[in-house]
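Reading the structure
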Amino acid sequence: FYEICKNVSKTKPIILWKGGLTETGAGAALAHTGKLAGSKKVWEAMTKQAGIVSVNSFDEIVDCIMAFSWMPLPKGKRTAILSGMGGTNIGTADNCIFAGLEIANFSEDTCRKLEKEISAAGTAISNPLDIGVGAVMNQNLYGTAIKILAEDENVDMILAVNSPINHEGTISLAEAVNSVLKPAAVALFDIPDIVEPEIKYLSENRVPVYRDPKRACNAMFKLADYAAYRNTH
């Protein structure tokens, strides 16, 4: 199994959810199939060496399938975050680091370009990028910022966190994500009766879209981790 997975992972990702990694789970596996589940540490070492993308739920499987299907492999783990909400940016930056990603340092040229597009009032031209309430009045602002960030050599991946205010903003996001050559994902706040049509539109346009920024961070880390494996095998 290890040798087969190691060879397959060199060209195609393997996303795998294995049960029985805890004592309780192992006991249930033995009772259900009559087979020992094996050591958690041994399993984790094997999956890492074989390049397997290990997950722990169906949600993670779906999250990773979106990321791996609709985003190119990144060159590294340096991530740009943008949102119109400062608190959300801070929490998302934390979740990026918790997941194993890095916070990219924007170049001076990128900062100058962003300053021309984004008002100085109530914003922060840094990473995470706070584009402020201007996004409410200019629904193309997210798309413009994504395109600028994608040109920065210090940025490997982009995560935009948005509230689905209106469909024009969603269209701008989809167009921008599909026009750049770097991995870019979108996280939308799960507002009942509002978010569903926007998620549907983004999905139909092959944009990785998540209901929680933390889920996006985890999926993007797994994509970057697999890319690092491919670069060394």
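Refer to the preceding data block for the structure.
Residues numbered from 1 in each chain as written. Predicted model: local features only at pLDDT ≥ 70, side-chain atom pairs only at ≥ 80, totals over all residues. Heavy atoms only, no water.

Note that the residue after N127, namely P128, is joined by a cis bond; omega there is 10°. Tracing the sequence through the fold places P128 in the loop between α6 (108–117) and β5 (129–130). At R206, a residue that is not glycine, the phi angle is positive and equals roughly 60°. Within the secondary structure layout, R206 lies in the loop between α10 (195–204) and β8 (209–210). With relative accessibility at 48%, the residue R206 sits in the partly exposed group. (Helix = DSSP H or I, 4+ residues; strand = E, 2+ residues; numbered from the N terminus. Buried < 20%, exposed > 50% of the residue type's maximum accessible area, 1.4 Å probe, protein only.)

Glancing now at α6. Of the positions making up α6, those classed as buried are T110, C111 and L114. Buried residues of α6, viewed axially, fall in a sector of 100°; they line one side. In α6, those exposed residues whose orientation departs by more than 90 degrees from the buried face are E108 and K116. The elements touched by buried residues of α6 are β5 and α8 (141–150). (Arc of directions from axis to C-beta. Contact = heavy atoms within 4.5 Å.)

Attention shifts here to the side chain of D156. If you trace the backbone, D156 turns up in the loop between α8 and β6 (157–162). Relative accessible area serves as the criterion here: at 6%, D156 is assigned to the buried category. Of note is the side chain of D156, whose polar atom sits 3.3 Å from the backbone nitrogen of K77. Setting aside chain neighbours within four positions, we find D156 in contact with P74, K75, G76, K77, R78, K182 and P183. (Polar contact = N/O pair within 3.5 Å; in protein donor to acceptor, adjacent residues only side chain to side chain.)

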